[in-house]
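Analysis of the macromolecular model
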Amino acid sequence: MSEETSLYLCAKRHPAMEKQTTNFRACLPVRKRVAIALWKLATNREYRSIGHLFGVSKSSVCRCVQDFCKAVCTLLAPEIIHFPDWQKLKDMADYFENRWGLPQCVGDIDGSHIPIIAPQEYHTDYFNRKGCHSIILQGVVDGKGLVWSVNVGKPGSLHDARVLRLSTFWDWVGQGGLYPVCTKNIGGRGGAVIVGYYVLGYSAYPLQNWLLKPFPDNGRLTPEQQTYNKKTSRAQVVVENAFGRLKGRWHCLMKRNDSDIALVKSMVLTCCALHNLCERHGEDFHQD
């Protein structure tokens with residue numbers, strides 16, 4: 001993160017993170033508190049080692065992380081991650097069609113496991129098929145890799161389809177979020193088909209008129225079905241790359257997080273908001 005983006009973040013979070021100096025001790029400046037929290041999210045280092053690095057106590061590091069995540073989740077996340085309006089849906093559909101040749105597509109959906117320490121209660125619910133404990137991050141991204149819907153915290157043992165049905169995204173679609181008057185006639189061998197907005201998902205997700213997924217490759221796919229699979233698989237790289245940049249910037253999402261589940265959820269949502277902030281500010285991402 002560049003200094004410019006960091007200062008912008010400090011200015012946005014200043015009212016929520018500012019502390020008062022007392023007769024007993026001076027408070028940490030907001031810029032330093034933000035830097036401590038960012039370093040924790042970016043490295044997932046232990047509180048003690050971060051405290052040595054910044055010259056503060058372990059408890060101060062913990063409070064900085066908690067206050068920063070609370071401020072971002074309360075103030076920044078609703079501003080930078082939200083469901084699109086009609087004009088935004090049209091813009092996203094136009095970008096997908098121009099970039100990937102898929103008319104009416106407005107996003108890619110995918111899930112990712114965030115490793116955690118086994119919780120004391122209902123720990124078996126969080127034990128996933130990969131053999132570790134985790135919570136699930138479900139995200140929907142646009143053609144540029146910006147997250148516009150996120151659901152965090154479901155136990156790692158749940159199937160992706162179940163997580164989708166329990167998400168606010170599912171409820172939003174059910175309330176007509178993806179059904180504006182804007183439809184398009186797409187010609188085909190059997191005639192034109194009227195298509196509304198939709199998102200792309202993997203085979204684990206349920207097929208809906210607003211959620212398309214690849215044809216199962218049983219060895220007998222028609223040329224048209226093969227072409228469809230190739231086009232959609234190329235477009236689904238968007239969400240894979242977006243999650244790659246998200247976890248590449250914020251290593252707390254890659255390594256096991258030993259914080260309690262409530263704080264882990266807050267950290268994951270914070271990282272998603274920071275991902276959008278970095279992407280919008282044109283921050284470079286180094287693959288290595």
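Residues numbered from 1 in each chain as written. Predicted model: local features only at pLDDT ≥ 70, side-chain atom pairs only at ≥ 80, totals over all residues. Heavy atoms only, no water.

Put simply, the test is: UniProt positions are given in the numbering used here, feature names are shortened, and annotations may be inferred rather than shown by experiment.
Per an unreviewed UniProt entry, the protein chain goes by the name DDE Tnp4 domain-containing protein and belongs to Pelobates cultripes. Recorded under Cofactor (unreviewed entry), the UniProt text for the protein chain is reproduced unchanged: "a divalent metal cation". What UniProt states about the protein chain under its Subcellular location (unreviewed entry) heading is, verbatim, "Nucleus".

A closer look at helix H9 (residues 261-280)
Operational definition: The way it works is that DSSP assigns letters per residue, a run of H or I at least four long becomes a helix, a run of E at least two long becomes a strand, and they are numbered from the N terminus. Here, expected helix span is obtained from the residue count minus one, scaled by 1.5 Å. When accessible area is computed with a 1.4 Å probe and restricted to protein chains, residues below 20% of their type maximum are described as buried, those above 50% as exposed, and intermediate ones as partly exposed. Any N or O atom pair separated by 3.5 Å or less is treated as a polar contact, with the protein-specific requirement of one donor-capable and one acceptor-capable atom, and with residues adjacent in sequence counted only for side-chain atom pairs.
For H9, built from 20 residues, the straight-helix expectation of 28 Å at 1.5 Å per residue is met to within 8% by its first-to-last C-alpha distance of 29 Å. H9 sits mainly inside the fold: 15 of its 20 residues count as buried. The backbone nitrogen of Ala262 lies 3.2 Å from a side-chain oxygen of the residue at the head of H9, namely Asp260. Gly282 sits one or two residues past H9 and shows a positive phi near 70°.

Describing the side chain of Ser60
Here Ser60 lies in helix H4 (residues 58-80). Taking the relative accessible area as the measure of exposure, Ser60 reaches 13% and is therefore buried. A distance of 2.8 Å separates the side chain of Ser60 from the side chain of Ser57, its partner in a polar contact.

As for the packing of aromatic side chains
As a reminder of what qualifies: Aromatic rings from Phe, Tyr and Trp, taking only the six-membered ring of Trp, are treated as a pair when their centres fall within 6.5 Å; an angle between ring planes under 30 degrees marks them as stacked, one over 60 as edge-to-face, and anything in between as tilted.
For the structure on display, the rule yields eight aromatic pairs. Residues Phe215 and Tyr228 carry aromatic rings whose centres are separated by 5.2 Å and whose planes lie at 70° to one another, so their mutual orientation is edge-to-face. Of the two residues, Phe215 is situated in the loop between strand E7 (211-212) and helix H8 (223-249) and Tyr228 in helix H8; the sequence distance between them amounts to 13 residues. With a relative accessible area of 35%, Phe215 lands in the partly exposed category. Here Tyr228 falls in the partly exposed class, since its relative accessible area comes to 23%.

Looking at helix H2 (residues 30-43)
In this model H2 runs 20 Å from its N-terminal to its C-terminal C-alpha over 14 residues, within 8% of the 20 Å that 1.5 Å per residue would give. By the burial criterion, the buried members of H2 are Val30, Arg33, Val34, Ile36, Ala37, Leu38, Lys40, Leu41 and Thr43. Among the residues trailing H2, Asn44 stands out with phi positive, at a value near 60°.

Some words on the pairing of strand E2 (residues 134-141)
Our working definition: When DSSP finds at least two bridges between two strands, those strands are taken to pair.
Burial analysis of E2 places eight of its eight residues in the buried class, the great majority of the element. Of the two faces of E2, the one lined by Ser134, Ile136, Gln138 and Val140 and the one lined by Ile135, Leu137, Gly139 and Val141 are each fully buried. Both strand E1 (residues 105-115) and E2 contribute to a ladder of eight bridges, which runs antiparallel. Looking across to E2, one finds that Ser112 is bridged to Leu137. Inspection of the sheet shows E2 paired to strand E3 (residues 147-155) by seven bridges, in the antiparallel sense. Counterpart to Ile136 in the pairing with E3 is Lys154. From the end of E2 to the start of E3, which pair antiparallel, there are five residues, and Gly145 there has a positive phi angle of about 90°.

Let's talk about the environment of Ser49
Take Ser49: it is sitting in helix H3 (residues 47-54). Spatially, the C-alpha atom of Ser49 lies 9.7 Å from that of Val61, the residues being 12 residues apart in sequence. A polar contact of 2.9 Å, which involves the side chain of Ser49, links it to the backbone oxygen of Glu46.

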